[in-house]
Amino acid sequence: LMTSLKNMDINKIAAAIEADAGEALPDLRQALAEAKAGQGRMTTPEQILVRQAREHSGLTQSAFAQRIETPVSTLRDWEQGRFTPPGGVLCLLRLIVKHPELAHELRTA
């Protein structure tokens, strides 16, 4: 895979992906260039946990952030891996993944 990444034609690949998507994807060429240079982003277990908890709850980012009494910008930072949630929040998120109804009970707490 690394050999094929180093030899990839970024513009050709981006054009094919955009044609398939039916729209221009502004950050695509930069992401491909980073992948080619070996600078691709890593997804952390904490990021996955945050997304899973929110998705299992069936709530939007805004609604979920409100339920866990967190600014939506902070939730976005957690989901995008810019910051890691504190330990107590990670515990709450693990519970919500296993018991999504807990997110709805937080509204009445």
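None of the values given here were measured: they were computed from a predicted structure.

## Focus on unusual backbone geometry
- Even without being a glycine, glutamate 69 presents a positive backbone phi close to 50 degrees.
- Within the secondary structure layout, glutamate 69 lies in the loop between α5 (61-67) and α6 (72-79).

## Structural notes on the packing of helix α2 (residues 10-21) against helix α3 (residues 28-36)
- Contact geometry of α2 with α3 gives a least axis separation of 10 Å together with a crossing angle of 135 degrees. One way to sum up the angle between α2 and α3 is to call them oblique. The way α2 lies across α3 gives a crossing that is right-handed. Each of Ile10, Asn11, Ile13, Ala14, Ala15, Ile17 and Glu18 in α2 lies in contact with α3, whose residues at this interface are Leu28, Arg29, Leu32, Ala33 and Lys36.
- Class assignment for the residues of the contact of α2 with α3 results in 8 nonpolar, 1 polar and 3 charged.

## Considerations on the pattern of salt bridges
- For the structure on display, the rule yields 3 salt bridges.
- Ionic pairing is found between aspartate 77 and arginine 82, a salt bridge with its closest N-O pair at 2.7 Å.
- Here aspartate 77 falls in the buried class, since its relative accessible area comes to 18%.

## Details of the environment of arginine 107
- Along the polypeptide, arginine 107 turns up in the segment after α8 (101-105).
- For the pair formed by arginine 107 and glutamine 66, sequence separation is 41 residues and the distance between their alpha carbons is 8.7 Å.

Parameters and conventions
- Along each chain, residue indices are assigned from 1 in the same order as the chain's sequence is written.
- Where totals are concerned, whole chains, interfaces and linings use all residues; where local detail is concerned, this predicted model gives features only for residues with pLDDT of at least 70, and gives and counts side-chain atom pairs only at 80 or more.
- Neither water nor hydrogens contribute to the side-chain values; these are computed over all heavy atoms in the structure.
- Secondary structure elements follow DSSP: runs of H or I of four or more residues count as helices, runs of E of two or more count as strands, with numbering from the N terminus.
- For helices, the fitted line uses only the C-alpha atoms of the stretch in contact; every axis is such a line through C-alpha atoms, and the angle between N-to-C directions lies from 0 to 180 degrees.
- Any angle that falls under 35 degrees is termed roughly parallel, while one over 145 is termed roughly antiparallel, one within 65 to 115 roughly perpendicular, and all others oblique.
- Crossings are assigned a handedness: left-handed for a near helix turned anticlockwise from the far helix by less than a right angle, right-handed for a clockwise turn.
- The contact criterion used is simple: two residues touch if any of their non-hydrogen atoms lie within 4.5 Å.
- Any residue outside Ala, Val, Leu, Ile, Met, Phe, Trp, Tyr, Cys, Pro, Asp, Glu, Lys and Arg is labelled polar, Gly included; the first ten of those are nonpolar and the last four are charged.
- Just to be clear on terms, a salt bridge is a Lys or Arg side-chain nitrogen sitting within 4 Å of an Asp or Glu carboxyl oxygen.
- Only protein chains enter the accessibility calculation, which uses a 1.4 Å probe; a residue is then buried when its area is under 20% of its type maximum, exposed when over 50%, and partly exposed in between.

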